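A structural walkthrough
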Amino acid sequence: MSGVVEELRAALGEGLVVTDPEVMEGYAHDEAEWAPYEGPVAVVRPRETADVAAVVRICADRGVPVVARGAGTGLSGAANSGRGWVVVSFERMNRVLAVDPVQQSATVQPGVVNDDLRARVSQDGLWYPPDPASSPWSTIGGNVSTNAGGLCCVKYGVTRDYVLGMEVVTGTGRVVRLGKTTAKGVTGYDLAGLMVGSEGTLGLVTEVTLRLVPLRTGIEHTVVGYFDSLTDAGRAVAAVSAAGVVPSALELIDRFCLQAVDEWKNMGLSAEGEVLLLARSDLPGESGRAEAERILECFEKERAVYAVRSTDEEEAEALFAARRLAYPALERLGPLLTEDVCVPKASVPTMLEAIERIGERFRTRIGNIAHAGDGNLHPLFIVPAGDEEAKERAQRAFEEIVDEALAMGGTVTGEHGVGLLKMRGAADELGPDVVAMHRAIKGALDPKGILNPGKVFV
């Protein structure tokens, strides 16, 4: 492996290639604590597309695997290194290259942080809707890799809905442009769409052109509802959907998660019930107030112990901030495994009931947060540090929840990706014929098999 390091240094210079073991340890894995990883032989921090292409060509010639890395906020192990791999970190490719207010688009490098892009385009009266909970830290390249969603996706969709085109380095080191920058274009296959959610297995994305929308104006109307059980909260979610309401956010957080945030950040939050639902309408004026009232009626009809349309914007923002902080708050309590199943909206109450039942059967503490409005549930498994027997029970509970979601016509991942943690479930969901199609595409775009091998499908 020393030969590949020497060749990388000769091609790129000393400044872009890192081999210090202590430094590389921080690049070897993402936030999926239970996903395996091993030490890379080198970390490369490219400044431009030509650097990335050179890395891939060298690694392809030598048969050395390559894994792309954004900010490392992923939760499936997709960015994890294997022994002797080369990690390509896009942290230095972090420029917004162009914003086009007429076309309502932005072209960015993959290392641009999600919230930084939002701040930049807001200067032109534009908005980039995908907003994963990690948006203050996660990068556009990582968001594209996993097809990230977020709190607004119930109404505004996920990353794939906003990717117009991209520049990609293929598994042979060739640089290609996919997709379009025009408002319309149907020439050929949607290869740009194929790259979104491919988790670095088909190519390394070095530039992305994104569709933007006009910046929202006015005050969002927030509805807060507390429920005595996950099932009751799930019924309220289904009722909102059945009423034909499409809120700009509909989030679930249980008391356990809320208290963990409060103990960490001292936010002074209180829980009136076991489960909190947070809903928002961003329709303007009276339409927004009317939509909020319809959501409130749904909450009350489904036995909310307390429900109100909030008139305190500061309190509403604090509750949504608590929802975003739930995962890191629970991380402080011990090793944490997170699920990412998505089920049909009508099945949300049944799925939440199943999660509760599975947790009890396997004697595993499960906290619950969710993008409830689109059926994307994130059960969080908390295990005491060093308790291997408890960890094994949690892993069995994890797999059973995957199976329950599939039995309900759901999917094993709504936004975190398959990575290393969901390969068994993904194979069951896709079936052998579709997995074979995946392998054929992988073979065509990565003939040497060096791009993030052993991820997504087996």
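As shown above, the structure is provided for reference.
Here is what the cut-offs are and how they apply
Residues numbered from 1 in each chain as written. Predicted model: local features only at pLDDT ≥ 70, side-chain atom pairs only at ≥ 80, totals over all residues. Heavy atoms only, no water. Pairing = 2+ DSSP bridges. Helix = DSSP H or I, 4+ residues; strand = E, 2+ residues; numbered from the N terminus. Axes fitted to C-alpha atoms, helices over the stretch in contact; angles between N-to-C directions. Contact = heavy atoms within 4.5 Å. Salt bridge = Lys/Arg side-chain N within 4 Å of Asp/Glu carboxyl O. Buried < 20%, exposed > 50% of the residue type's maximum accessible area, 1.4 Å probe, protein only. Expected span 1.5 Å × (residues − 1). Bend = angle between axes of the 7 residues up to and from the residue. Polar contact = N/O pair within 3.5 Å; in protein donor to acceptor, adjacent residues only side chain to side chain.

With that settled, the discussion passes to the sheet that holds strand E9 (residues 175-179). The five strands lie next to each other as E5-E6-E10-E8-E9, forming an open sheet whose pairing is antiparallel. Two strands close off the open sheet at either side, each with one partner strand: strand E5 (96-100) and E9. Taking the axes of each pair of neighbouring strands and ignoring which way they run, one obtains an average angle of 15° across the sheet. Across the sheet, helix H3 (residues 49-62) touches strand E8 (163-169), E9 and strand E10 (204-211), and the angle it forms with E8 is around 50°. With respect to the sheet, helix H4 (residues 114-122) is in contact with E5, strand E6 (105-108) and E10, its orientation differing from that of E5 by roughly 40°.

Looking now at the sheet that holds strand E1 (residues 17-18). Within a beta sheet, neighbouring strands are joined by backbone hydrogen bonds and run either parallel or antiparallel to one another. The four strands lie next to each other as E1-E2-E4-E3, forming an open sheet whose pairing is mixed. Across the chains shown, the open sheet's two edge strands, defined by having one partner strand only, are E1 and strand E3 (66-69). Pairing analysis gives four bridges linking E3 to strand E4 (residues 86-89), with the strands arranged parallel. Bridge pairing in E4 links Arg69 to Ser89.

Moving on: the pattern of salt bridges. Summed over the entire model, instances satisfying the criterion amount to 29 salt bridges. The salt bridge involving Arg235 is made with Asp232; its shortest N-O contact spans 3.1 Å. Within this pair, Arg235 and its partner Asp232 are both found in helix H8 (residues 230-242), separated by three residues, close to a single helical turn. With a relative accessible area of 37%, Arg235 lands in the partly exposed category. With relative accessibility at 8%, the residue Asp232 sits in the buried group. We note a salt bridge from Arg289 to Glu286, for which the minimum N-O separation is 3.1 Å. Of the two residues, Arg289 and Glu286 are both situated in helix H10 (residues 285-301); the distance of three residues between them amounts to about one turn of the helix. We classify Glu286 as exposed; its relative accessible area is 54%. Residues joined by salt bridges that share partners form a network here, namely Lys155, Arg216, Glu220, Arg280, Asp282, Glu313 and Glu317.

The end-to-end C-alpha distance of helix H11 (residues 313-331) is 28 Å, a good match for the 27 Å that 19 residues give at a rise of 1.5 Å each. The principal kink in H11, of about 50°, is found at Leu325, preceding the proline Pro328 by one to four residues. Buried residues of H11: Ala316, Leu319, Phe320, Ala322, Arg323, Leu325, Ala326, Tyr327, Ala329 and Leu330, and no others. The N-cap of H11, judged by a side-chain oxygen 3.1 Å from the amide nitrogen of Glu314 a few residues on, is Asp312.

What follows is about the side chain of Asn143. As for its position among the elements, Asn143 is in helix H5 (residues 140-146). Residue class for Asn143 comes out buried when judged on its relative accessible area of 3%. Ignoring anything within four residues of it in the chain, the contact list for Asn143 reads Asn114, Pro132, Ser138, Ala148 and Thr159.

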